[in-house]
Amino acid sequence: MNVLFIGDVVGSSGREKVGDILPVLKEEYSIDFTIANGENSAGGVGLTKKTAEELFASGVDVITLGNHSFNRKEVVDIIDHPRVIRPANHPDIVPGKGFCVVAPAKSVEGVKEIAVINFLGRFNMPLVDCPFKTADNVLGNLSKRNPGPPVIIVDFHAELTSEKQAFGHFLDGRVTAVIGTHTHVQTADEKILPGGTAYITDAGMVGSGNSVIGVEKAEVIKRFLTGLPAKFQVAKEDIILNGVVLTIDNKSYKCTEIKRIIR
Ligand SMILES: [Fe+2]
Ligand SMILES: [Fe+2]
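Right, let's walk through the structure included here. (Residues numbered from 1 in each chain as written. Chains lettered and ligands numbered in written order. Predicted model: local features only at pLDDT ≥ 70, side-chain atom pairs only at ≥ 80, totals over all residues. Heavy atoms only, no water.)

Six octahedral donors at a metal ideally form angles of 90 or 180 degrees, and four tetrahedral donors ideally form angles of 109.5 degrees. Protein ligation of the iron ion (ligand 1) involves D8 (OD), E39 (OE), N40 (OD1) and H184 (NE2), the donor distances falling in the range 2.0 to 2.2 Å. Every donor counted, the 4 donor atoms about the iron ion (ligand 1) form angles of 87 to 166° at the centre, which fits irregular coordination. Look at D8 and you get buried, because its relative accessible area is 0%. (Donors = N, O, S within 2.8 Å, 3.2 Å for Na, K, Ca; no water. Tetrahedral: all angles 85-135°; square planar, octahedral: opposite > 155°, others 65-115°. Buried < 20%, exposed > 50% of the residue type's maximum accessible area, 1.4 Å probe, protein only.)

Structure (structure tokens):
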């Protein structure tokens, strides 16, 4: 089977790009299941019911989040949707859930369920529990299901490349793929780790290719020049979609290939 993971979708122009390109990618790569990071889908920060529904209508199966999960108060209207997840290492009292187990809409031989788990790193990020220990707990809980989901995709939303690589190796052989998000800059280190887990430090974003991580350049430069607060606007020109396609063997459930997408 083929799983498409789309990096952080930025604003309405990012959502429109997903709507335009996703059907093409599904056809071209025979995509069975699509995951997108939606933490920037509402005006550049956060997720709302409207932006989530738009992504679902475009063909996204599961929406993951990150450090901007709760930037919009309207997120409460969608956070309990069965296919919306926020980082699992928030304290339990935080609304929402950190993983979901769903059936692919298209029937895939041998794969009845896919688990998607979201974690947040701990550097330059909100206060959260240890992602490593939380991952042990979540995977322990998933293994108690009978049968356990054969395919497990992890979105690790983090800033530090070292933390992301360490997390990939920590989960190597225990999950199908560890896909990094958050930096909005796609890295060229996609690989299959020694234990069989597919890995990339960052999938990238769906946003302006002529911007600073999806934001209008001028205001960001001004902020770096002055150190003063600035109001950021989503950049709307030259929108590119970044993501990865995972090819997963229907019998071993191992990822045989991870391919970067830039459109
Ligand atoms: Fe982001
Ligand atoms: Fe982020």
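Moving on: the coordination of the iron ion (ligand 2). The protein atoms donating to the iron ion (ligand 2) are E39 (OE), N67 (OD1), H157 (NE2) and H182 (ND1), with metal-donor distances spanning 2.1 to 2.2 Å. Angles of 88 to 148° at the metal separate the 4 donor atoms of the iron ion (ligand 2), which places the site in the irregular class. Donor residues binding the iron ion (ligand 2) come from one chain and are separated in sequence as E-x27-N-x89-H-x24-H. Here the iron ion (ligand 2) and the iron ion (ligand 1) are spaced 3.3 Å apart, and both take E39 as a donor. Taken together, the residues N67 in the loop between β4 (62–64) and β5 (99–102) and H182 in the loop between β8 (177–181) and β9 (191–192) connect sequence positions 115 residues apart. Assessed through its relative accessible area of 12%, H182 is described here as buried. (Helix = DSSP H or I, 4+ residues; strand = E, 2+ residues; numbered from the N terminus.)

Between helix α3 (residues 131–143) and helix α4 (residues 161–171), the least distance of the axes is 11 Å, while the angle of their chain directions is 30°. As the angle between them shows, α3 and α4 are arranged roughly parallel. Crossing hand, α3 versus α4: right-handed. In this structure, α3 uses P131, F132, A135, D136 and L139 to contact α4, whose residues at the interface are E163, A166, F167, F170 and L171. Here the contact of α3 with α4 is built from residues that sort into 8 nonpolar, no polar and 2 charged. (Axes fitted to C-alpha atoms, helices over the stretch in contact; angles between N-to-C directions. Parallel < 35°, antiparallel > 145°, perpendicular 65-115°, else oblique. Left-handed = near helix turned anticlockwise from the far one by under 90°. Contact = heavy atoms within 4.5 Å. Nonpolar A, V, L, I, M, F, W, Y, C, P; charged D, E, K, R; others polar.)

On the surface, V185, V212 and I213 cluster together into a nonpolar patch covering about 220 Å² of accessible area. Along the polypeptide, V185 turns up in the loop between β8 and β9. With a relative accessible area of 47%, V185 lands in the partly exposed category. (Patch = residues over 30% accessible without salt bridge, like charges linked within 9 Å, V, L, I, M, F, W, Y side chains within 5 Å. Areas by Shrake-Rupley, 256 points an atom, 1.4 Å probe, with all protein chains shown as cover. Salt bridge = Lys/Arg side-chain N within 4 Å of Asp/Glu carboxyl O.)

Relative to the elements of secondary structure, T134 occurs in helix α3. Here T134 is in contact with A88, N89, F119 and D129, once residues within four sequence places are set aside.

Attention shifts here to the sheet that holds strand β10 (residues 198–200). Pairing between the strands of a sheet is mediated by backbone hydrogen bonds and can be parallel or antiparallel. With mixed pairing, 6 strands are arranged side by side in an open sheet as β5-β6-β7-β8-β10-β9. At either end of the open sheet lies a strand with only one pairing partner, and these are β5 and β9. Sheet topology note: the strand β7 (residues 151–157)/β8 ladder contains 5 bridges and is parallel. Bridge pairing links H157 to T181 in β8. Together, β5, β6 (114–120) and β7 form the strand contacts of α3, whose direction differs from that of β6 by roughly 160°. (Pairing = 2+ DSSP bridges.)

The N-to-C vectors of helix α1 (residues 11–29) and helix α2 (residues 49–58) enclose an angle of 10°; their axes lie 9 Å apart at closest approach. Put simply, α1 runs roughly parallel to α2. Touching R15, V18, G19 and L22 of α1 are K50, T51, E54, L55 and S58, all from α2. Among the residues forming the contact of α1 with α2, the class breakdown is 3 nonpolar, 3 polar and 3 charged.

Here we take up the environment of D136. Along the chain, D136 falls in helix α3. By relative accessible area, which is 35% here, D136 ends up partly exposed. Along the primary structure D136 and I152 are separated by 16 residues, whereas in three dimensions their C-alpha atoms are 13 Å apart. When near neighbours in sequence (up to four residues on either side) are disregarded, D136 contacts F170 and R174. A distance of 2.9 Å separates polar atoms of two side chains, one belonging to D136 and the other to R174. (Polar contact = N/O pair within 3.5 Å; in protein donor to acceptor, adjacent residues only side chain to side chain.)

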